[in-house]
Amino acid sequence: NEKPVIVSAPEDTEIMCGDPVVYGTAVFADACGAVTVTQDDTVMGDACEGIMFIRTWTATDGCGNSRTTKQVVWQLGDSVDPEYTNLIQDEGVYFCGETPDYDSATAVDNCGGAVTVTYEIDYDYEDTCHDGYGYYSKVRYKATDACGNENNETITIHFVPTGNRMAFMYKPQDKTVSCSEAYIFDALHPKVVSYDGAISTVTCEAVANRTPCGSGT
C-alpha cells in the first residue's frame, strides 16, 4: 500500500522572454505494478513582469495511491528597450519642399511583441528656405513596446534651397541695442550643406558698429 516512487524529475529552469517553453519528463515506478501518470499545467504572471509556467505530474497506482512532482519554468519579463531596424538618414540633405519619409522608421521588440514608433519634428531656427539660406530640423523618434520600454533617437535633417549649390543653415537677424547695453552676436550654425550631402564647417567674423553714448544717433 505504498505510493509510487519518483525515478526522475526535471529541474526548474529559467528562460528569456520570447523563448519557447519546454518541459522535461517525470518518471515514476511502483513496486506492485504499472502507474497511470497525468499532468496539469498552470500559468501565472504576465509578459512584462515575468511568467511562471508550472507543470504538475501525478502518478497513481492500481490501489489508488498517488505521488506528485512538478517543474517550474520561469520566463523572464520584458525589460529591454526596442531596437530600431530602420531610420531615415541622420544628417540627411533634402531640397526645400521635399518631405522625408518620416513614417518609414521601424523597430522590433526582443520579446517578439508589437512596437509603436512615433515622432515629433522640432525646427531649431526656421522652417522655410529664403534668401539663399537653408534650415535644419530634428526628428525625435520614440519606439515603445507593449511593456512601456522606450528607445529614443534624434535625427538631424538639412534642407537646402533650390538654385544654390550650398547654403548656410541659419542666418542671424540684425538687431539694435542701446549704447549702454552689452551686445551679443547670435551663433551662426557652423555648417554649410551642399546638394550632394557634404557638410563642412565655416568660420565667421563678427563686427559690431556702435555709436558712443552722448554723440548722437
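Above: the structure in question.
Residues numbered from 1 in each chain as written. Predicted model: local features only at pLDDT ≥ 70, side-chain atom pairs only at ≥ 80, totals over all residues. Heavy atoms only, no water.

**Re the sheet that holds strand E4 (residues 35-46)**
Within a sheet, neighbouring strands are paired by backbone hydrogen bonds and run either parallel or antiparallel to one another.
Okay, so step 1: Pairing in this open sheet of four strands is mixed, and the strands run E2-E6-E5-E4 from one edge to the other. In the strand order of this sheet, the two ends are held by strand E2 (13-15) and E4, each with one partner. Strand-to-strand, the axes of this sheet are offset by a mean angle of 20°, without reference to chain direction.
Okay, so step 2: Judged from the 11 bridges that link them, strand E5 (residues 50-61) and strand E6 (residues 66-76) form a sheet pairing that is antiparallel. The partner of threonine 56 across the bridge, within E6, is lysine 70. (Pairing = 2+ DSSP bridges. Helix = DSSP H or I, 4+ residues; strand = E, 2+ residues; numbered from the N terminus. Axes fitted to C-alpha atoms, helices over the stretch in contact; angles between N-to-C directions.)

**Some remarks on the pattern of salt bridges**
Okay, so step 1: With the rule as written, the count across this model stands at three salt bridges.
Okay, so step 2: With its nearest N and O atoms 2.7 Å apart, the salt bridge here joins arginine 55 to aspartate 41. With arginine 55 in strand E5 and aspartate 41 in strand E4, the pair connects residues that are 14 residues apart, well separated along the chain.
Okay, so step 3: Using a relative accessible area of 15% as the deciding quantity, one classes arginine 55 as buried.
Okay, so step 4: Accessibility expressed as a relative area gives 40% for aspartate 41, which makes it partly exposed.
Okay, so step 5: Residue lysine 142 is joined to glutamate 150 by a salt bridge in which the shortest nitrogen-to-oxygen separation is 4.0 Å.
Okay, so step 6: Judged by its relative accessible area of 32%, lysine 142 falls in the partly exposed class. (Salt bridge = Lys/Arg side-chain N within 4 Å of Asp/Glu carboxyl O. Buried < 20%, exposed > 50% of the residue type's maximum accessible area, 1.4 Å probe, protein only.)

**So, the sheet that holds strand E8 (residues 92-95)**
Okay, so step 1: The strand order E8-E12-E11-E10 describes an open sheet built from four strands, whose pairing is mixed. Taken across any chain shown, the strands that pair with only one partner, and hence form the sheet edges, are E8 and strand E10 (115-123). Looking at each pair of strands side by side, their axes are set apart by 30° on average, direction ignored.
Okay, so step 2: Bridge count for E10 against strand E11 (residues 135-145) is nine bridges, and the pairing is antiparallel. Across the sheet, residue glutamate 120 finds its bridge partner in E11, namely arginine 140.

**As for the pairing of strand E12 (residues 150-160)**
Okay, so step 1: Bridge count between E8 and E12: four bridges; the pairing is parallel. Residue pairing in the sheet places tyrosine 94 in a bridge with phenylalanine 159 of E12.
Okay, so step 2: Here E11 runs beside E12; their pairing, made up of 10 bridges, is antiparallel. The residue of E12 that forms the bridge with arginine 140 is threonine 154.

**Section: the state of the cysteines**
Okay, so step 1: Scanning the model with the defined rule gives two disulfides in all.
Okay, so step 2: The disulfide that involves cysteine 17 links it to cysteine 111, with 1.7 Å between the sulfurs. Its S-S torsion of about -60° marks the bond between cysteine 17 and cysteine 111 as left-handed, since a negative value means left-handed. Here the residue cysteine 17 occupies a position in the loop between E2 and strand E3 (27-29), and cysteine 111 occupies one in the loop between strand E9 (106-108) and E10, the gap between them amounting to 94 residues.
Okay, so step 3: There is a disulfide in this structure between cysteine 48 and cysteine 147, and the S-S distance comes to 2.1 Å. Measuring handedness by torsion sign, the sulfur bridge of cysteine 48 and cysteine 147 sits at about -95° and is left-handed. One end of the pair, cysteine 48, is in the loop between E4 and E5; the other, cysteine 147, is in the loop between E11 and E12, with 99 residues separating them in the sequence. (Disulfide = S-S within 2.5 Å.)

These values are about where atoms sit, not about what they do.
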